[in-house]
Amino acid sequence: MKTEKNILFAFILNLFFSIFEFFGGFFTGSVAIMSDSIHDMGDALSIGVSYFLEKKSKKEPDQVYTFGYLRYSVLGAFITTMILTVGSILVIISSVRRIINPVTINYNGMIIFAIFGSVINFLAAYLTREGDSLNQRAVNLHMFEDVLGWIVVLIGSIIMKFTDISLIDAIMSIGVAIFILINCLHNIKEVLDLFLEKIPNNISVFELKEHILNIKGVKGVHHMHIWSMDNANIFATMHIITDEKDINKLKRQVKEEILEHGISHVTIEIEDSKTKCEDESCHVEFVKEEHTHHH
């Protein structure tokens with residue numbers, strides 16, 4: 001709930017502020033403020049989408065989405081990040097144009113807007129800082145970028161007031177846009193890793209396998225699959241080879257071991273050493289392990 005409320009608050013704040021800012025950019029003649037208002041409007045729209053998707057991601061699993069709706073949150077993060085990426089590229093283009101064709105800027109107006117901008121965006125960043133979903137982090141990244149952007153604009157406008165070098169305005173815009181782009185690329189990679197079912201970064205298959213093979217009675221483990229729905233919920237499936245009589249006890253031990261690795265949901269298939277797994281391919285990487293295990 002907290003995550004949703006924070007995202008909704010950020011949306012309202014950003015929407016009103018971007019309208020206010022657009023007039024500010026127009027009034028002061030600053031490309032930094034004008035481009036930031038477009039960026040903020042994009043933020044507001046993407047945060048609106050994020051809010052809707054974050055809310056949907058909390059729905060319980062049903063017969064259509066048996067894993068639940070967790071991926072909707074990741075989709076929100078992706079949309080938010082893509083809007084930011086496009087926005088940043090547009091800011092760079094308009095700033096380069098400004099360097100080629102400079103205009104006069106109202107520095108005093110710019111300073112006032114920058115103070116306003118820094119305070120309002122800091123408030124939004126502070127309120128969206130909590131929450132562990134990728135979507136929430138994308139929204140929070142937005143907010144902190146906005147704060148940073150405004151602080152840069154404030155410093156730049158003070159320098160311009162005293163030096164009258166209007167070029168600083170465009171250079172600042174480019175600097176902030178590049179910083180945003182770097183963060184966006186990192187976010188996009190995380191989202192793609194999730195959609196491509198890549199193993200979560202903090203989990204090592206080999207380490208997990210070693211730990212499971214060390215449990216008394218486990219003769220082998222194969223067909224191991226580990227993936228995450230949203231960077232917070234991790235799932236695993238595997239086949240365990242054992243000749244133990246008390247299968248439930250063994251399963252419990254294996255599950256306890258897996259939970260320690262931060263995996264929240266596991267499905268275990270038990271096979272005895274005489275049973276050949278129906279899926280041929282699943283034996284390949286573990287055959288050696290099974291022979292080398294019992295010293």
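Coordinates for the structure precede this section.
Residues numbered from 1 in each chain as written. Predicted model: local features only at pLDDT ≥ 70, side-chain atom pairs only at ≥ 80, totals over all residues. Heavy atoms only, no water.

## Some remarks on the pattern of salt bridges
Working step 1: Inspection of every chain in the model, using the stated rule, returns four salt bridges.
Working step 2: The partner of glutamate 197 in a salt bridge is arginine 71, and the shortest N-O contact between them spans 3.8 Å. Linking glutamate 197 in the loop between helix H6 (167-195) and helix H7 (205-213) with arginine 71 in helix H3 (residues 71-100), this pair joins segments that are 126 residues apart in sequence.
Working step 3: On the accessibility criterion, glutamate 197 (41% relative accessible area) is partly exposed.
Working step 4: Its relative accessible area of 16% is what places arginine 71 among the buried residues.
Working step 5: Through salt bridges that share partners, Lys189, Asp193 and Lys198 make up one connected network. (Salt bridge = Lys/Arg side-chain N within 4 Å of Asp/Glu carboxyl O. Helix = DSSP H or I, 4+ residues; strand = E, 2+ residues; numbered from the N terminus. Buried < 20%, exposed > 50% of the residue type's maximum accessible area, 1.4 Å probe, protein only.)

## Some words on the layout of surface pockets
Working step 1: The calculated volume of the largest pocket comes to roughly 240 Å³.
Working step 2: The wall of the largest pocket is formed by 13 residues, among which Glu190, Pro200, Asn201, Asn202 and Asn231 lie closest to the centre.
Working step 3: Looking at the lining of the largest pocket, its residues break down into four nonpolar, five polar and four charged.
Working step 4: In this model, the second largest pocket occupies a volume close to 160 Å³.
Working step 5: Surrounding the second largest pocket, 13 residues form its lining, Pro61, Phe67, Gly68, Leu70 and Phe235 being those nearest its centre.
Working step 6: Here the lining of the second largest pocket is composed, by residue class, of five nonpolar, five polar and three charged. (1 Å grid on protein atoms, 1.4 Å probe; cavity = no way out; pocket = protein on both sides within 12 Å on 5 of 7 lines; lining within 4 Å. Points joined across faces, edges and corners; volume = space filled by probe spheres on them. Nonpolar A, V, L, I, M, F, W, Y, C, P; charged D, E, K, R; others polar.)

## Re the pairing of strand S2 (residues 234-242)
Working step 1: Counting buried positions over the nine residues of S2 gives eight, a clear majority of the element.
Working step 2: Of the pairings in the sheet, the one linking strand S1 (residues 218-228) to S2 comprises eight bridges and is antiparallel in character. By the bridge assignment for S2, isoleucine 226 is matched with alanine 236.
Working step 3: In textbook terms, the turn of a hairpin is the stretch between consecutive antiparallel strands, and for S1 and S2 this stretch comprises five residues, one of which, asparagine 231, has a positive phi near 75°.
Working step 4: Note that S2 and strand S3 (residues 265-271) share seven bridges and pair parallel. For histidine 239, the partnering residue across the bridge sits in S3 and is glutamate 269.
Working step 5: Between the parallel elements S2 and S3, the chain passes through helix H8 (residues 247-260) in a crossover that is right-handed. (Pairing = 2+ DSSP bridges. Right-handed = clockwise from strand over helix to strand, strands pointing away.)

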